[in-house]
Amino acid sequence: MTQIHLGHLFHIGGGPILGDAAAALVSVPDGALVVDDGGRIVFCGPRSALPDDDGTAAVHDHRPGFLLPGFVDTHIHFPQTYAGDSYGGGQLLEWLEQCIFPSEARFADPEFAAQAAVEFCDRRIAAGTTAAMVFGSAFPHAQDALFGETRRRGLRLVSGRGIQTVGPASASPLLTSEADAIRLTREEIDRWHAADTGNVDTALLHVAIVPRFSLSVTVETLKALGELYDSVRHRGVYVHSHLNENNRAGTGEVDSTKQLYQVNTYLDTYDGRFLPGSAVGGKSLLGRRTILAHSVHCQDVELARMAETGTSIAHCPVSQQFLGSGTMPWKSTVASGVNIAAGTDFGGGDEWLIPRVLSDAFKVHISEAGDDGVSMHPGEMLFLGTLAGARALDMEDRFGNFDVGKEADFVVIDASRVPALNAALTHGVRSDDPGRAAEQTLFALLMGIREPAISEVYVQGRRVGPG
Ligand code: GUN
Ligand code: ZN
């Protein structure tokens, strides 16, 4: 049956780059979103212009609520479901060793992992995260639980088991041999990639190859993963990892990686150039279906290579503040042309909600020194959390905005459930200029949304809900 959803619509129309997102912002205060039987958008516009129907459509009147495209989280950790706000870790490498590896090791227990999969999906739905690139558990049974529960709940998921072949003692439950790393990853692809529909172009479930980061693997692993990726790239398989997150001099992740591999850039290790002097040792893991989280401390040549290959950045400012990772230079990263999307990085970040990431992005980038400070436009913020995420997942043709023909992924915002948000929307000063007023309202929404305001969540036009 056709569904008509009424409310104030906001989305980024068309397929702009970030620099054009402000101009592409669409606001329809008394709007209607019409979704057909197949879960596709057939109309998005003013209620007054609704096409005639035969009276059989179901009308969902969300007014005075808002409809936004579903949020896309391009970097979040399933085995850190219970590890947010871990105390006593210090910066990245100490935090991993002392807090995170022990937390992730608990997923060795299948019952524990299954319970976490339910919790993880609950948290995603509460946060309105309709699509996500999820850094997976090392344990295949935990990944089975994640994919199974996600399918049951009707969410979109790209995920893969976190691959580690070397690490400190606390990581030992998470390590496998080189051969097992490849075998288990291949098995996960065969078991879960497009398992729901059998067709990668219509599936909600997809698999990624996920080396934790270069310090968790060896040249042999990277070479074998490059060969594996080369053999499955055409099937629409993804790659996910971390890049240039912590640059503490000498002992941080960036220096440690460059010293270990003797490479010119960290990115080279993912680009097949993992031998000393950045000599080519294997096949590249970069491409349109590759997302590298953080990328805070990139050299220009790395950004250029990511842009050239269509590799995206998952920008995670909440986590970068929690772990003292610094601020990704906004202007120069945007200017490189690389696609930037938003990621919570939960449990490095302590928020599940993409609007909280957008809020921190606004704050950290307006605070960059001197001329580098930027006041992000609310249209750019919405773009980062929706359409840019769909682009990072190489599924922009399927979701990410309300263009006619797309699959209807959206959230309903009922501001009355968050008093502070409601007050800001009701009493905040608004410009006489309708365009400016729309921007002010969207900004207040994105800064003020908290989980309880997300009253309904839809994927492909179907409502997803609690257990
Ligand atoms: N680098 C390698 N592993 C991790 C992780 O679990 N979280 C973050 N933020 N960075 C990492
Ligand atoms: Zn991460």
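Residues numbered from 1 in each chain as written. Chains lettered and ligands numbered in written order. Predicted model: local features only at pLDDT ≥ 70, side-chain atom pairs only at ≥ 80, totals over all residues. Heavy atoms only, no water.

- Identification of the chain as Guanine deaminase from Mycolicibacterium tokaiense is taken from an unreviewed UniProt entry.

1. Observations regarding the overall build of the chain
- Scanning the chain from terminus to terminus reveals 14 helices and 16 strands.
- Rg of the C-alpha trace for the chain: 21 Å, near the compact-globule value of 23 Å for 467 residues, within the 12% margin.
- With respect to the three principal axes, the spread of C-alpha positions in the chain is 65 × 50 × 40 Å.
- Counting every position in the chain, which comprises 467 residues, the buried fraction comes to 60%. (Helix = DSSP H or I, 4+ residues; strand = E, 2+ residues; numbered from the N terminus. Rg over C-alpha atoms; globule rule 2.2 N^0.38 Å. Buried < 20%, exposed > 50% of the residue type's maximum accessible area, 1.4 Å probe, protein only.)

2. Brief notes about the coordination of the zinc ion (ligand 2)
- Each protein donor to the zinc ion (ligand 2) is listed here as H75 (NE2), H77 (NE2), H242 (NE2) and D345 (OD); together their distances run 2.0 to 2.3 Å.
- For the zinc ion (ligand 2), the single-chain donor residues occur in sequence as H-x1-H-x164-H-x102-D. Assigned by exposure class, H75 and H77 land together as buried. (Donors = N, O, S within 2.8 Å, 3.2 Å for Na, K, Ca; no water.)

3. Structural notes on the packing of helix 3 (residues 140-153) against helix 4 (residues 178-192)
- At a closest axis distance of 11 Å, the pairing of helix 3 and helix 4 adopts a crossing angle of 20°. Our classification of the angle between helix 3 and helix 4 gives roughly parallel. As for the relative orientation of helix 3 and helix 4, their crossing is right-handed in sense. Across the interface between the two elements, P140, Q143, D144, F147, G148 and R151 from helix 3 touch L184, E188, R191 and W192 from helix 4.
- For the contact of helix 3 with helix 4, the residue count by class is 4 nonpolar, 2 polar and 4 charged. (Axes fitted to C-alpha atoms, helices over the stretch in contact; angles between N-to-C directions. Parallel < 35°, antiparallel > 145°, perpendicular 65-115°, else oblique. Left-handed = near helix turned anticlockwise from the far one by under 90°. Contact = heavy atoms within 4.5 Å. Nonpolar A, V, L, I, M, F, W, Y, C, P; charged D, E, K, R; others polar.)

4. Some thoughts on the site of ligand 1
- Taken together, H77, Q80, L92, W95, L96, R212, F213, H242, E245, H294, L323 and D345 make up the full set of residues adjacent to ligand 1.
- Within the contact set of ligand 1, an oxygen atom lies 2.6 Å away from a side-chain nitrogen or oxygen of R212.
- H242 has a polar side-chain atom sitting 3.4 Å from a nitrogen atom of ligand 1.
- When ligand 1 sits alone it has 280 Å² of accessible area, and the protein chains cover 100% of it.
- Assessed atom by atom at 2 Å from the grid points, ligand 1 resides in the largest cavity.
- Ranked by residue count, the leading element in the shell around ligand 1 is helix 1 (residues 92-105), at 3 residues. (Near = heavy atom within 4 Å. Polar contact = N/O pair within 3.5 Å; in protein donor to acceptor, adjacent residues only side chain to side chain. Areas by Shrake-Rupley, 256 points an atom, 1.4 Å probe, with all protein chains shown as cover. 1 Å grid on protein atoms, 1.4 Å probe; cavity = no way out; pocket = protein on both sides within 12 Å on 5 of 7 lines; lining within 4 Å. Sits in = over half its atoms within 2 Å of the grid points.)

5. Thoughts on the sheet that holds strand 14 (residues 410-413)
- The strand order 3-2-1-4-14-15-16 describes an open sheet built from 7 strands, whose pairing is mixed. With partners counted over all chains shown, the strands left at the sheet margins are strand 3 (41-46) and strand 16 (462-464), one partner each. Here the average twist between neighbouring strands, direction ignored, is 40°.
- Pairing of strand 1 (residues 3-12) with strand 2 (residues 25-35), which is carried by 9 bridges, proceeds in the antiparallel orientation. (Pairing = 2+ DSSP bridges.)

6. What to know about the environment of A361
- Locating A361 in the fold gives a position in helix 10 (residues 354-366).
- Look at A361 and you get buried, because its relative accessible area is 2%.
- In this structure, the C-alpha to C-alpha distance between A361 and W330, residues 31 residues apart in sequence, is 9.3 Å.

7. Comments concerning the pairing of strand 11 (residues 290-294)
- Of all 5 residues making up strand 11, 5 are buried, and the element is well covered by its neighbours.
- Relative to strand 11, strand 10 (residues 238-243) runs parallel, the two being bridged by 5 bridges. Its bridge partner being in strand 11, V239 is matched across the sheet by T290.
- Once you follow strand 10 into helix 6 (residues 253-261) and on to strand 11, the crossover reads as right-handed.
- Sheet topology note: the strand 11/strand 12 (residues 312-315) ladder contains 3 bridges and is parallel. Bridge pairing in strand 12 links I291 to S312.
- The handedness of the strand 11 to strand 12 crossover, carried by helix 7 (residues 300-309), is right-handed. (Right-handed = clockwise from strand over helix to strand, strands pointing away.)

8. Quick look at the packing of aromatic side chains
- Counted by the stated rule, this structure contains 12 aromatic pairs.
- Among the aromatic residues, those joined into a ring-pair cluster are F78, Y82, F107, F112, F120, F346 and W352. (Phe/Tyr/Trp six-rings, centres within 6.5 Å; stacked < 30°, edge-to-face > 60°.)

9. A short note on the UniProt feature "domain: Amidohydrolase-related" (unreviewed entry) in the chain
- UniProt tags residues 66-420 as "domain: Amidohydrolase-related" (unreviewed entry).
- In this annotation, residues 66-420 is assigned 38% helix and 15% strand; the end-to-end C-alpha distance for the span is 16 Å. (UniProt positions renumbered as here; feature names shortened; annotations may be inferred.)

10. Structural notes on empty space enclosed by the protein
- Applying the stated criterion across every chain yields a total of 2 cavities of 30 Å³ or more.
- Approximately 90 Å³ is the volume attributed to the largest cavity.
- As for the largest cavity, its lining consists of H77, Q80, L92, W95, L96, R212, F213, H242, E245, H294, L323 and D345.
- Among the elements that line the lining of the largest cavity, the one with the most residues is helix 1, at 3 residues.
- Partitioning the lining of the largest cavity into residue classes produces 5 nonpolar, 4 polar and 3 charged. (Points joined across faces, edges and corners; volume = space filled by probe spheres on them.)

11. Here's the deal with the nonpolar core
- Residues F10, F78, I209, M306, L393, I413 and L421 are the most contacted members of the largest nonpolar core, which totals 132 residues.
- Sort the elements by how many residues they give to this core and helix 2 (residues 110-126) lands first, with 7 residues.
- In this structure, L9, V35, I41 and Y458 belong to the second largest nonpolar core, which totals 11 residues. (Core = buried A, V, L, I, M, F, W, Y, C linked by side-chain atoms within 4.5 Å.)

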